[in-house]
Amino acid sequence: MKYLWLPFFYVVLCLCELSGQAATRPLAVSESGTHLIYADDASPFFYLADTAWELLHRLDLRESKHYLQQRAKDGFNVIQCVFLAELEGIRTPNRNGDFALIDGDPTRINPAYLEQVDAVLAEAERLGLYLGLLPTWGDKFNLKWGVGPEIFTPENAEIFGRLLAEHYRGRNIIWILGGDRNPEEEEDFEIIRSMATGIRAVIGQEQLITYHPQGGYCSLDFWAADEWLDFHMFQSGHGKTNDKANYDQVVRARREAPNQPVINGEPAYEDHPINWRSVNGWFDDWDTRQAAYWSVFSGAAGHTFGNHNIWQMWHFRHQPISQARTPWDAALQYPGAQQMGYLRQLMERMNYPSLQPCNNCLADPANSSGRETFAMRSRPGTAPRLLVYTPYGDPITIALDQFLEGEAVQLKSYWFNPRTGATIPFAYENYYQGDGLSLTADPPFAAARGNDWVLYFTTQAD
(Lines give C-alpha, C1' and ligand atoms only; values in the text may rest on other atoms or scores of the structure.)
Protein backbone atom coordinates (compact mmCIF):
# COMPACT_ATOMS: atom_id res chain seq x y z
CA MET A 1 0.00 0.00 0.00
CA LYS A 2 1.33 3.41 -0.93
CA TYR A 3 0.82 6.40 1.36
CA LEU A 4 0.81 10.03 0.33
CA TRP A 5 2.36 12.08 3.12
CA LEU A 6 1.37 15.72 3.23
CA PRO A 7 3.14 18.36 5.29
CA PHE A 8 1.42 18.83 8.65
CA PHE A 9 0.88 22.57 8.14
CA TYR A 10 -0.86 21.87 4.80
CA VAL A 11 -3.29 19.42 6.40
CA VAL A 12 -4.09 21.89 9.18
CA LEU A 13 -4.61 24.67 6.65
CA CYS A 14 -7.05 22.54 4.63
CA LEU A 15 -9.01 21.55 7.72
CA CYS A 16 -9.23 25.16 8.86
CA GLU A 17 -10.45 26.25 5.47
CA LEU A 18 -13.07 23.52 5.39
CA SER A 19 -14.30 24.23 8.90
CA GLY A 20 -14.67 27.93 8.15
CA GLN A 21 -16.39 27.46 4.83
CA ALA A 22 -20.07 28.36 4.82
CA ALA A 23 -22.55 25.93 3.36
CA THR A 24 -23.93 26.90 -0.01
CA ARG A 25 -27.55 26.31 -0.98
CA PRO A 26 -28.83 26.37 -4.55
CA LEU A 27 -32.03 28.25 -5.31
CA ALA A 28 -34.88 27.39 -7.66
CA VAL A 29 -38.29 28.60 -8.77
CA SER A 30 -41.29 27.20 -6.90
CA GLU A 31 -43.69 24.87 -8.70
CA SER A 32 -46.35 27.57 -8.44
CA GLY A 33 -44.08 30.07 -10.20
CA THR A 34 -44.86 32.70 -7.57
CA HIS A 35 -41.64 32.78 -5.56
CA LEU A 36 -38.11 31.46 -5.15
CA ILE A 37 -37.17 28.48 -3.00
CA TYR A 38 -34.15 26.69 -1.59
CA ALA A 39 -33.69 23.77 -3.96
CA ASP A 40 -32.70 21.28 -1.25
CA ASP A 41 -35.92 21.41 0.78
CA ALA A 42 -38.29 23.68 -1.21
CA SER A 43 -38.53 26.15 1.69
CA PRO A 44 -39.31 29.71 0.52
CA PHE A 45 -36.62 32.28 -0.21
CA PHE A 46 -37.85 35.87 0.09
CA TYR A 47 -35.48 37.81 -2.17
CA LEU A 48 -34.36 40.95 -0.33
CA ALA A 49 -31.45 42.65 -2.07
CA ASP A 50 -29.34 45.71 -1.53
CA THR A 51 -27.86 47.57 -4.50
CA ALA A 52 -24.06 47.66 -4.21
CA TRP A 53 -23.03 47.94 -7.83
CA GLU A 54 -19.46 49.16 -7.09
CA LEU A 55 -18.74 46.80 -4.18
CA LEU A 56 -16.19 44.66 -6.03
CA HIS A 57 -14.52 47.64 -7.68
CA ARG A 58 -14.24 50.45 -5.15
CA LEU A 59 -13.93 48.78 -1.72
CA ASP A 60 -11.04 46.89 -0.21
CA LEU A 61 -11.65 43.62 1.61
CA ARG A 62 -11.91 45.16 5.07
CA GLU A 63 -14.48 47.67 3.85
CA SER A 64 -16.36 44.96 1.95
CA LYS A 65 -16.64 42.82 5.06
CA HIS A 66 -17.91 45.77 7.07
CA TYR A 67 -20.54 46.47 4.45
CA LEU A 68 -21.65 42.82 4.18
CA GLN A 69 -21.84 42.36 7.92
CA GLN A 70 -24.07 45.41 8.29
CA ARG A 71 -26.40 44.34 5.51
CA ALA A 72 -26.69 40.83 6.94
CA LYS A 73 -27.58 42.43 10.27
CA ASP A 74 -30.21 44.56 8.50
CA GLY A 75 -31.88 41.41 7.17
CA PHE A 76 -30.79 41.30 3.53
CA ASN A 77 -30.03 38.00 1.82
CA VAL A 78 -28.88 39.19 -1.64
CA ILE A 79 -26.26 41.78 -2.60
CA GLN A 80 -26.46 43.02 -6.19
CA CYS A 81 -22.98 43.88 -7.50
CA VAL A 82 -21.04 43.98 -10.77
CA PHE A 83 -17.91 42.17 -11.95
CA LEU A 84 -17.08 44.62 -14.78
CA ALA A 85 -18.27 47.72 -12.97
CA GLU A 86 -20.05 50.77 -14.36
CA LEU A 87 -17.65 53.45 -13.17
CA GLU A 88 -14.58 52.84 -15.36
CA GLY A 89 -14.65 49.16 -14.53
CA ILE A 90 -12.38 48.33 -17.48
CA ARG A 91 -9.82 51.13 -17.33
CA THR A 92 -9.65 51.71 -13.57
CA PRO A 93 -8.33 48.98 -11.24
CA ASN A 94 -9.86 47.91 -7.95
CA ARG A 95 -8.54 49.13 -4.59
CA ASN A 96 -5.74 46.57 -4.77
CA GLY A 97 -4.56 47.99 -8.10
CA ASP A 98 -5.81 45.00 -10.10
CA PHE A 99 -7.70 45.32 -13.39
CA ALA A 100 -10.63 42.98 -14.00
CA LEU A 101 -9.40 41.96 -17.44
CA ILE A 102 -5.98 41.51 -18.96
CA ASP A 103 -5.58 44.07 -21.75
CA GLY A 104 -9.33 44.70 -21.67
CA ASP A 105 -10.00 41.25 -23.16
CA PRO A 106 -13.19 39.51 -21.86
CA THR A 107 -11.60 36.12 -22.60
CA ARG A 108 -8.69 36.89 -20.23
CA ILE A 109 -9.92 37.47 -16.68
CA ASN A 110 -7.25 38.68 -14.27
CA PRO A 111 -6.65 36.03 -11.55
CA ALA A 112 -5.68 38.74 -9.05
CA TYR A 113 -9.04 40.47 -9.53
CA LEU A 114 -10.78 37.12 -9.08
CA GLU A 115 -9.05 36.67 -5.74
CA GLN A 116 -10.68 39.81 -4.38
CA VAL A 117 -14.11 38.77 -5.65
CA ASP A 118 -13.57 35.29 -4.20
CA ALA A 119 -12.83 36.75 -0.78
CA VAL A 120 -15.93 38.96 -0.86
CA LEU A 121 -18.08 36.00 -1.91
CA ALA A 122 -16.64 33.83 0.85
CA GLU A 123 -17.58 36.44 3.44
CA ALA A 124 -21.04 36.78 1.93
CA GLU A 125 -21.57 33.03 2.11
CA ARG A 126 -20.34 32.96 5.71
CA LEU A 127 -23.10 35.45 6.50
CA GLY A 128 -25.76 33.54 4.56
CA LEU A 129 -25.83 36.06 1.72
CA TYR A 130 -26.02 35.54 -2.03
CA LEU A 131 -24.28 37.75 -4.57
CA GLY A 132 -26.65 38.89 -7.31
CA LEU A 133 -23.71 39.08 -9.70
CA LEU A 134 -23.86 41.08 -12.91
CA PRO A 135 -21.05 39.80 -15.14
CA THR A 136 -20.85 43.25 -16.72
CA TRP A 137 -22.54 46.64 -16.67
CA GLY A 138 -24.55 47.27 -19.81
CA ASP A 139 -22.35 50.00 -21.26
CA LYS A 140 -19.85 47.29 -22.19
CA PHE A 141 -22.24 45.98 -24.84
CA ASN A 142 -24.55 48.98 -25.48
CA LEU A 143 -22.87 52.34 -24.98
CA LYS A 144 -26.04 54.38 -25.04
CA TRP A 145 -24.58 56.43 -22.20
CA GLY A 146 -21.77 55.93 -19.73
CA VAL A 147 -18.08 55.35 -20.35
CA GLY A 148 -17.88 51.82 -21.75
CA PRO A 149 -15.95 50.83 -23.73
CA GLU A 150 -18.01 48.36 -25.75
CA ILE A 151 -15.87 45.21 -25.61
CA PHE A 152 -18.33 42.38 -26.20
CA THR A 153 -19.16 40.38 -29.27
CA PRO A 154 -21.41 37.30 -29.30
CA GLU A 155 -18.29 35.14 -29.48
CA ASN A 156 -16.33 36.56 -26.55
CA ALA A 157 -19.50 37.04 -24.48
CA GLU A 158 -20.08 33.28 -24.45
CA ILE A 159 -16.48 32.63 -23.44
CA PHE A 160 -16.64 35.28 -20.70
CA GLY A 161 -19.88 33.85 -19.33
CA ARG A 162 -18.47 30.34 -19.33
CA LEU A 163 -15.24 31.38 -17.59
CA LEU A 164 -17.10 33.14 -14.80
CA ALA A 165 -19.57 30.28 -14.43
CA GLU A 166 -16.78 27.71 -14.22
CA HIS A 167 -15.15 29.71 -11.46
CA TYR A 168 -18.36 30.27 -9.44
CA ARG A 169 -20.32 27.13 -10.11
CA GLY A 170 -21.91 25.75 -6.93
CA ARG A 171 -21.54 29.01 -5.02
CA ASN A 172 -24.17 31.42 -3.63
CA ILE A 173 -24.54 33.28 -6.92
CA ILE A 174 -27.62 34.61 -8.71
CA TRP A 175 -26.64 35.67 -12.23
CA ILE A 176 -28.06 39.03 -13.37
CA LEU A 177 -27.41 39.93 -17.00
CA GLY A 178 -28.09 43.33 -18.54
CA GLY A 179 -26.76 46.03 -16.27
CA ASP A 180 -29.18 48.94 -16.73
CA ARG A 181 -29.27 48.62 -20.51
CA ASN A 182 -31.86 47.34 -22.94
CA PRO A 183 -30.80 45.37 -26.00
CA GLU A 184 -31.50 47.50 -29.06
CA GLU A 185 -29.55 46.23 -32.04
CA GLU A 186 -29.62 42.59 -33.10
CA GLU A 187 -26.04 42.17 -31.92
CA ASP A 188 -27.08 43.26 -28.41
CA PHE A 189 -29.58 40.40 -28.29
CA GLU A 190 -26.96 37.98 -29.58
CA ILE A 191 -24.43 39.10 -26.97
CA ILE A 192 -26.80 38.57 -24.04
CA ARG A 193 -28.04 35.23 -25.36
CA SER A 194 -24.45 34.10 -25.92
CA MET A 195 -23.42 35.13 -22.41
CA ALA A 196 -26.44 33.28 -20.98
CA THR A 197 -25.55 30.25 -23.10
CA GLY A 198 -22.01 30.23 -21.74
CA ILE A 199 -23.22 30.43 -18.15
CA ARG A 200 -26.01 27.89 -18.54
CA ALA A 201 -23.75 25.37 -20.28
CA VAL A 202 -21.69 25.21 -17.09
CA ILE A 203 -24.25 25.58 -14.30
CA GLY A 204 -27.21 23.71 -15.73
CA GLN A 205 -30.07 24.47 -13.35
CA GLU A 206 -27.85 24.86 -10.27
CA GLN A 207 -28.04 28.67 -10.23
CA LEU A 208 -30.66 31.22 -11.27
CA ILE A 209 -30.37 33.75 -14.10
CA THR A 210 -32.35 36.96 -14.64
CA TYR A 211 -31.95 40.30 -16.46
CA HIS A 212 -31.70 43.88 -15.15
CA PRO A 213 -33.08 46.37 -17.74
CA GLN A 214 -32.97 50.15 -17.74
CA GLY A 215 -35.57 52.28 -16.00
CA GLY A 216 -39.18 51.85 -17.07
CA TYR A 217 -38.66 48.38 -18.56
CA CYS A 218 -38.96 44.73 -17.57
CA SER A 219 -37.01 41.70 -18.75
CA LEU A 220 -40.37 40.50 -20.05
CA ASP A 221 -40.07 43.15 -22.77
CA PHE A 222 -37.10 41.37 -24.35
CA TRP A 223 -36.80 37.80 -23.12
CA ALA A 224 -40.37 36.57 -22.72
CA ALA A 225 -39.70 33.40 -24.72
CA ASP A 226 -36.06 32.74 -23.66
CA GLU A 227 -35.62 29.59 -21.60
CA TRP A 228 -32.37 30.73 -19.97
CA LEU A 229 -34.19 33.33 -17.86
CA ASP A 230 -35.58 31.92 -14.57
CA PHE A 231 -37.36 34.94 -13.12
CA HIS A 232 -38.23 38.41 -14.35
CA MET A 233 -36.80 41.68 -13.12
CA PHE A 234 -37.91 45.24 -13.81
CA GLN A 235 -36.63 48.70 -12.88
CA SER A 236 -39.05 51.39 -11.72
CA GLY A 237 -36.12 53.81 -11.55
CA HIS A 238 -35.54 57.25 -10.06
CA GLY A 239 -37.56 59.60 -12.24
CA LYS A 240 -40.68 60.26 -10.19
CA THR A 241 -42.42 59.86 -6.87
CA ASN A 242 -45.41 57.56 -6.38
CA ASP A 243 -44.31 55.50 -9.37
CA LYS A 244 -47.10 53.14 -10.39
CA ALA A 245 -44.57 50.87 -12.09
CA ASN A 246 -43.88 49.44 -8.64
CA TYR A 247 -47.19 47.61 -8.85
CA ASP A 248 -48.20 47.81 -12.53
CA GLN A 249 -45.11 45.93 -13.69
CA VAL A 250 -45.70 43.21 -11.09
CA VAL A 251 -49.34 42.75 -12.07
CA ARG A 252 -48.41 42.63 -15.74
CA ALA A 253 -45.59 40.11 -15.24
CA ARG A 254 -47.73 37.83 -13.08
CA ARG A 255 -50.42 37.91 -15.76
CA GLU A 256 -48.15 37.37 -18.77
CA ALA A 257 -45.58 35.04 -17.19
CA PRO A 258 -47.38 33.22 -14.36
CA ASN A 259 -44.73 30.50 -14.13
CA GLN A 260 -41.92 32.96 -13.40
CA PRO A 261 -41.53 35.15 -10.30
CA VAL A 262 -40.91 38.87 -10.72
CA ILE A 263 -38.86 41.35 -8.65
CA ASN A 264 -38.18 45.07 -8.87
CA GLY A 265 -34.42 45.08 -9.33
CA GLU A 266 -33.97 48.85 -9.01
CA PRO A 267 -36.57 51.17 -7.46
CA ALA A 268 -36.05 54.78 -6.37
CA TYR A 269 -32.91 54.98 -4.24
CA GLU A 270 -33.00 56.44 -0.77
CA ASP A 271 -31.29 59.90 -0.84
CA HIS A 272 -31.37 60.11 -4.64
CA PRO A 273 -32.42 63.48 -6.13
CA ILE A 274 -35.90 63.11 -7.62
CA ASN A 275 -35.59 62.91 -11.40
CA TRP A 276 -31.83 63.52 -10.89
CA ARG A 277 -32.36 67.14 -9.79
CA SER A 278 -32.10 68.21 -6.15
CA VAL A 279 -34.49 71.12 -6.77
CA ASN A 280 -37.20 68.44 -6.97
CA GLY A 281 -36.27 67.12 -3.53
CA TRP A 282 -34.78 63.78 -2.52
CA PHE A 283 -36.29 60.31 -2.21
CA ASP A 284 -36.40 59.28 1.44
CA ASP A 285 -37.09 56.12 3.43
CA TRP A 286 -40.86 56.50 2.96
CA ASP A 287 -40.43 56.40 -0.81
CA THR A 288 -38.44 53.18 -0.50
CA ARG A 289 -41.05 51.61 1.81
CA GLN A 290 -43.92 52.61 -0.45
CA ALA A 291 -42.19 51.05 -3.48
CA ALA A 292 -41.38 47.85 -1.59
CA TYR A 293 -44.83 47.24 -0.08
CA TRP A 294 -46.60 48.14 -3.32
CA SER A 295 -44.47 45.59 -5.20
CA VAL A 296 -44.67 42.78 -2.69
CA PHE A 297 -48.39 43.23 -1.97
CA SER A 298 -48.98 43.10 -5.74
CA GLY A 299 -47.34 39.67 -5.95
CA ALA A 300 -43.58 40.22 -6.28
CA ALA A 301 -41.30 37.48 -4.97
CA GLY A 302 -39.21 39.96 -3.00
CA HIS A 303 -37.67 43.36 -3.51
CA THR A 304 -34.45 45.29 -4.09
CA PHE A 305 -33.51 48.31 -1.97
CA GLY A 306 -30.93 50.93 -2.83
CA ASN A 307 -29.24 53.93 -1.28
CA HIS A 308 -27.82 56.45 -3.76
CA ASN A 309 -24.56 56.86 -1.83
CA ILE A 310 -24.02 53.13 -1.40
CA TRP A 311 -24.55 51.79 -4.91
CA GLN A 312 -21.58 53.90 -6.03
CA MET A 313 -19.69 53.39 -2.72
CA TRP A 314 -19.16 57.12 -2.67
CA HIS A 315 -16.30 58.59 -0.70
CA PHE A 316 -14.70 62.02 -0.79
CA ARG A 317 -11.91 60.62 -2.96
CA HIS A 318 -14.45 59.99 -5.76
CA GLN A 319 -16.37 62.35 -8.00
CA PRO A 320 -20.01 62.10 -6.84
CA ILE A 321 -22.51 60.70 -9.33
CA SER A 322 -25.84 62.59 -9.45
CA GLN A 323 -25.10 64.65 -6.35
CA ALA A 324 -24.23 61.88 -3.93
CA ARG A 325 -23.61 63.66 -0.64
CA THR A 326 -22.91 61.15 2.15
CA PRO A 327 -19.95 58.73 2.39
CA TRP A 328 -21.13 55.16 1.88
CA ASP A 329 -20.14 53.94 5.35
CA ALA A 330 -22.16 56.73 6.99
CA ALA A 331 -25.09 56.08 4.63
CA LEU A 332 -25.21 52.50 5.93
CA GLN A 333 -27.04 53.93 8.93
CA TYR A 334 -29.81 55.61 6.93
CA PRO A 335 -33.19 54.20 8.06
CA GLY A 336 -34.43 52.66 4.82
CA ALA A 337 -32.29 49.52 4.87
CA GLN A 338 -33.31 48.36 8.33
CA GLN A 339 -36.93 48.97 7.42
CA MET A 340 -36.56 46.58 4.47
CA GLY A 341 -35.55 43.95 7.00
CA TYR A 342 -38.84 44.51 8.81
CA LEU A 343 -40.68 43.81 5.56
CA ARG A 344 -38.89 40.50 5.15
CA GLN A 345 -39.62 39.55 8.76
CA LEU A 346 -43.30 40.30 8.32
CA MET A 347 -43.65 38.38 5.07
CA GLU A 348 -41.84 35.34 6.39
CA ARG A 349 -43.91 35.39 9.57
CA MET A 350 -47.08 35.54 7.46
CA ASN A 351 -45.93 32.62 5.26
CA TYR A 352 -45.97 34.84 2.17
CA PRO A 353 -46.10 31.99 -0.42
CA SER A 354 -49.58 31.20 0.93
CA LEU A 355 -50.75 34.76 0.19
CA GLN A 356 -52.16 36.28 -2.98
CA PRO A 357 -53.19 39.82 -3.96
CA CYS A 358 -56.80 40.54 -3.07
CA ASN A 359 -57.75 44.15 -3.75
CA ASN A 360 -61.42 43.17 -3.95
CA CYS A 361 -61.09 42.51 -0.22
CA LEU A 362 -61.11 46.31 0.15
CA ALA A 363 -64.18 48.51 -0.10
CA ASP A 364 -63.53 51.90 -1.75
CA PRO A 365 -59.76 51.97 -1.06
CA ALA A 366 -57.55 55.00 -1.69
CA ASN A 367 -56.27 54.60 -5.24
CA SER A 368 -54.38 57.72 -6.34
CA SER A 369 -51.76 60.33 -5.45
CA GLY A 370 -49.44 57.89 -3.73
CA ARG A 371 -52.14 56.73 -1.31
CA GLU A 372 -52.88 53.50 -3.22
CA THR A 373 -53.81 50.78 -0.75
CA PHE A 374 -53.12 47.11 -1.46
CA ALA A 375 -54.23 43.88 0.20
CA MET A 376 -53.09 40.27 0.29
CA ARG A 377 -55.13 37.35 1.59
CA SER A 378 -54.50 33.68 2.24
CA ARG A 379 -55.15 31.34 -0.65
CA PRO A 380 -58.37 29.29 -0.56
CA GLY A 381 -58.12 26.27 1.67
CA THR A 382 -55.46 27.76 3.97
CA ALA A 383 -55.83 29.42 7.36
CA PRO A 384 -57.53 32.83 6.94
CA ARG A 385 -55.06 35.70 6.88
CA LEU A 386 -55.32 39.23 5.48
CA LEU A 387 -52.74 42.01 5.15
CA VAL A 388 -53.43 45.57 3.99
CA TYR A 389 -50.82 48.28 3.33
CA THR A 390 -51.78 51.96 3.48
CA PRO A 391 -48.97 54.43 2.58
CA TYR A 392 -50.62 57.42 4.30
CA GLY A 393 -52.41 55.70 7.14
CA ASP A 394 -55.86 56.23 5.60
CA PRO A 395 -58.85 54.40 7.12
CA ILE A 396 -59.25 50.88 5.71
CA THR A 397 -62.61 49.27 4.99
CA ILE A 398 -62.53 45.52 4.49
CA ALA A 399 -65.19 43.58 2.60
CA LEU A 400 -65.24 40.57 4.88
CA ASP A 401 -67.44 38.50 2.58
CA GLN A 402 -64.58 38.60 0.04
CA PHE A 403 -62.10 37.42 2.64
CA LEU A 404 -63.64 34.96 5.08
CA GLU A 405 -64.64 31.39 4.33
CA GLY A 406 -66.89 29.22 6.48
CA GLU A 407 -69.58 30.16 8.96
CA ALA A 408 -67.47 31.63 11.72
CA VAL A 409 -63.79 32.43 12.15
CA GLN A 410 -61.95 33.81 15.15
CA LEU A 411 -59.23 36.25 14.17
CA LYS A 412 -56.55 38.27 15.90
CA SER A 413 -56.00 41.79 14.60
CA TYR A 414 -52.81 43.86 14.54
CA TRP A 415 -51.20 47.03 13.27
CA PHE A 416 -47.66 46.57 11.97
CA ASN A 417 -45.43 49.65 11.86
CA PRO A 418 -43.14 49.49 8.76
CA ARG A 419 -40.87 52.17 10.24
CA THR A 420 -40.03 50.34 13.45
CA GLY A 421 -41.10 46.74 12.97
CA ALA A 422 -43.37 47.01 16.02
CA THR A 423 -46.64 45.07 16.16
CA ILE A 424 -49.63 46.52 17.99
CA PRO A 425 -52.62 44.27 18.75
CA PHE A 426 -56.08 45.81 18.79
CA ALA A 427 -59.50 44.75 19.85
CA TYR A 428 -61.39 43.13 16.95
CA GLU A 429 -61.92 39.43 17.72
CA ASN A 430 -64.75 37.52 16.01
CA TYR A 431 -65.94 37.88 12.45
CA TYR A 432 -68.70 36.06 10.61
CA GLN A 433 -69.16 35.66 6.90
CA GLY A 434 -72.15 37.41 5.40
CA ASP A 435 -73.10 39.30 2.26
CA GLY A 436 -72.10 42.93 2.45
CA LEU A 437 -70.41 42.58 5.84
CA SER A 438 -67.61 45.11 6.21
CA LEU A 439 -65.25 46.46 8.84
CA THR A 440 -63.45 49.82 8.99
CA ALA A 441 -60.16 50.23 10.83
CA ASP A 442 -58.41 53.57 11.37
CA PRO A 443 -54.59 53.44 11.70
CA PRO A 444 -52.81 55.23 14.55
CA PHE A 445 -52.20 58.97 14.12
CA ALA A 446 -53.58 61.30 11.47
CA ALA A 447 -53.28 60.32 7.83
CA ALA A 448 -50.13 61.85 6.32
CA ARG A 449 -47.21 61.07 4.06
CA GLY A 450 -44.90 58.76 5.98
CA ASN A 451 -47.57 57.45 8.35
CA ASP A 452 -47.76 54.10 6.55
CA TRP A 453 -49.15 51.00 8.27
CA VAL A 454 -49.95 47.37 7.64
CA LEU A 455 -53.22 46.07 9.02
CA TYR A 456 -53.30 42.31 9.35
CA PHE A 457 -55.64 39.62 10.59
CA THR A 458 -54.55 36.11 11.44
CA THR A 459 -55.98 33.12 13.24
CA GLN A 460 -52.95 32.88 15.51
CA ALA A 461 -51.69 35.21 18.21
CA ASP A 462 -48.56 37.04 17.08
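This report concerns the structure included in the present document. (Residues numbered from 1 in each chain as written. Predicted model: local features only at pLDDT ≥ 70, side-chain atom pairs only at ≥ 80, totals over all residues. Heavy atoms only, no water.)

### Comments concerning the pattern of salt bridges
Okay, so step 1: Under the defined criterion, the tally for this structure stands at 29 salt bridges.
Okay, so step 2: The residue Glu123 makes a salt bridge to Arg126 at a minimum N-O spacing of 2.8 Å. A residue pair is termed a helical-turn pair when its members lie 3 or 4 positions apart in one helix, as Glu123 and Arg126 do in helix 4 (residues 111-126) at 3 residues.
Okay, so step 3: Judged by relative accessible area, Glu123 falls into the buried class, the value being 6%.
Okay, so step 4: Among the residues examined, Arg126 registers a relative accessible area of 47% and is labelled partly exposed.
Okay, so step 5: Among the salt bridges present, the one from Lys140 reaches Asp139, with a minimum N-O distance of 3.0 Å. Each member of the pair Lys140 and Asp139 is classed as buried.
Okay, so step 6: Ionic contacts of the salt-bridge type, sharing partners, join the residues Asp60, Glu63, Arg95 and Arg317 into one network. (Salt bridge = Lys/Arg side-chain N within 4 Å of Asp/Glu carboxyl O. Helix = DSSP H or I, 4+ residues; strand = E, 2+ residues; numbered from the N terminus. Buried < 20%, exposed > 50% of the residue type's maximum accessible area, 1.4 Å probe, protein only.)

### Some points on the sheet that holds strand 5 (residues 78-84)
Okay, so step 1: Reading across the sheet, the 6 strands line up as 10-9-8-5-4-13 and stay open at both edges, with parallel pairing between neighbours. Unpaired on one side and paired on the other, strand 10 (209-211) and strand 13 (302-305) mark the two borders of the sheet. On average, adjacent strands in this sheet sit at an angle of 30° to one another, irrespective of strand direction.
Okay, so step 2: Note that strand 9 (residues 173-177) and strand 10 share 3 bridges and pair parallel. In the strand pairing of strand 10, Ile176 is matched with Thr210.
Okay, so step 3: Helix 4 contacts strand 5, strand 8 (130-136) and strand 9 of the sheet and is inclined by roughly 175° relative to strand 5.
Okay, so step 4: Strands strand 4 (47-51) and strand 13 of the sheet are contacted by helix 12 (residues 335-349), whose axis makes an angle of about 175° with strand 13. (Pairing = 2+ DSSP bridges. Axes fitted to C-alpha atoms, helices over the stretch in contact; angles between N-to-C directions. Contact = heavy atoms within 4.5 Å.)

### Quick word on helix 8 (residues 245-256)
Okay, so step 1: Taking 1.5 Å of rise per residue, the 12 residues of helix 8 would be expected to cover 16 Å, and the 15 Å separating its terminal C-alpha atoms lies within 8% of that figure.
Okay, so step 2: Along helix 8, the residues classified as buried are Ala245, Asn246, Tyr247, Gln249, Val250, Ala253 and Arg254.
Okay, so step 3: Buried residues along helix 8 sit in contact with helix 7 (220-223), strand 11 (232-234), strand 12 (262-264), helix 9 (285-297) and strand 15 (374-378). (Expected span 1.5 Å × (residues − 1).)

### Topic: the sheet that holds strand 23 (residues 453-458)
Okay, so step 1: Reading across from one edge, 14-15-16-23-19-20 is the order of the 6 strands in this open sheet, with antiparallel pairing throughout. Because the sheet does not close on itself, it has two edges, and the strands there are strand 14 (355-357) and strand 20 (423-426). Strand after strand, the sheet turns through a mean of 20° between neighbouring axes, direction not considered.
Okay, so step 2: Of the strand pairs in this sheet, strand 19 (residues 412-416) and strand 20 are connected by 4 bridges, and their pairing is antiparallel. Residue Trp415 lies in a different strand from strand 20, and its bridge partner there is Ile424.
Okay, so step 3: Sheet contacts for helix 9: strand 14, strand 15, strand 16 (385-390), strand 19 and strand 23; angle to strand 16, the most-contacted strand, approximately 145°.

### Concerning the state of the cysteines
One way to say it: the disulfide is the covalent bond shared by the sulfur atoms of two cysteines.
Okay, so step 1: Applying the stated criterion across every chain yields a total of 1 disulfide.
Okay, so step 2: Sulfur-sulfur distance for the disulfide between Cys358 and Cys361 comes to 2.0 Å. Around the S-S axis, the bridge from Cys358 to Cys361 shows a dihedral of about 70° and counts as right-handed.
Okay, so step 3: The class for Cys361 is buried, based on a relative accessible area of 0%. (Disulfide = S-S within 2.5 Å.)

### With respect to the environment of Ile263
Okay, so step 1: Relative to the helices and strands, Ile263 is located in strand 12.
Okay, so step 2: Using a relative accessible area of 0% as the deciding quantity, one classes Ile263 as buried.
Okay, so step 3: Sequence-distant contacts of Ile263, defined by excluding residues within four places in its chain, comprise Leu36, Tyr47, Phe231, His232, Met233, Phe234, Ala301, Gly302, His303 and Thr304.

### A short note on helix 6 (residues 186-203)
Okay, so step 1: An ideal rise of 1.5 Å per residue puts 26 Å on 18 residues; helix 6 measures up with 26 Å between its terminal C-alpha atoms.
Okay, so step 2: Looking at helix 6, one finds that the buried residues are Asp188, Phe189, Ile191, Ile192, Ser194, Met195, Ala196, Gly198, Ile199, Arg200, Val202 and Ile203.
Okay, so step 3: Buried residues along helix 6 sit against strand 8, helix 5 (154-168), strand 9, strand 10 and helix 7.
Okay, so step 4: Remark: Gly204 follows helix 6 within two positions and exhibits a positive phi of approximately 60°.

### So, the layout of surface pockets
Okay, so step 1: Considering only enclosed or pocket space, the largest pocket measures out at about 390 Å³ in volume.
Okay, so step 2: For the largest pocket, the lining is made up of 22 residues, of which Asp180, Gln235, His238, Glu266 and Trp276 are closest to its centre. (1 Å grid on protein atoms, 1.4 Å probe; cavity = no way out; pocket = protein on both sides within 12 Å on 5 of 7 lines; lining within 4 Å. Points joined across faces, edges and corners; volume = space filled by probe spheres on them.)

### Observations regarding the pairing of strand 19
Regular strands place their side chains on alternate faces of the sheet.
Okay, so step 1: Buried residues dominate strand 19, accounting for 4 of its 5 residues.
Okay, so step 2: Examined bridge by bridge, strand 19 and strand 23 share 5 bridges and lie antiparallel to one another. Paired with Trp415 across the strands is Leu455, a residue of strand 23.
Okay, so step 3: Count of turn residues in the strand 19/strand 20 antiparallel hairpin: 6 residues, of which Gly421 carries a positive phi of about 80°.

### Things to note about the packing of aromatic side chains
Okay, so step 1: Across all of its chains, the model carries 25 aromatic pairs by this definition.
Okay, so step 2: Look at Tyr38 and Phe45: their rings are 5.4 Å apart centre to centre, the planes differ by 85°, and that puts the pair in the edge-to-face class. Summarising the burial analysis for this pair, Tyr38 and Phe45 share the class buried.
Okay, so step 3: What links up through ring pairs into an aromatic cluster is the set Phe83, Tyr113, Phe152 and Phe160. (Phe/Tyr/Trp six-rings, centres within 6.5 Å; stacked < 30°, edge-to-face > 60°.)

### What about empty space enclosed by the protein?
Okay, so step 1: All told, the structure shown has 2 cavities of 30 Å³ or more when counted by the stated rule.
Okay, so step 2: Quantified by volume, the largest cavity comes out at close to 70 Å³.
Okay, so step 3: What lines the largest cavity is simply Ser236, Gly237, Lys240, Thr241, Asn242, Asp243, Asn246, Ala268, Phe283, Asp287, Gln290 and Ala291.
Okay, so step 4: Residues that form the lining of the largest cavity fall into these classes: 3 nonpolar, 6 polar and 3 charged.
Okay, so step 5: Together, Arg25, Pro26, Leu27, Tyr130, Arg171, Asn172, Ile173, Ile174, Glu206, Gln207 and Leu208 line the second largest cavity. (Nonpolar A, V, L, I, M, F, W, Y, C, P; charged D, E, K, R; others polar.)

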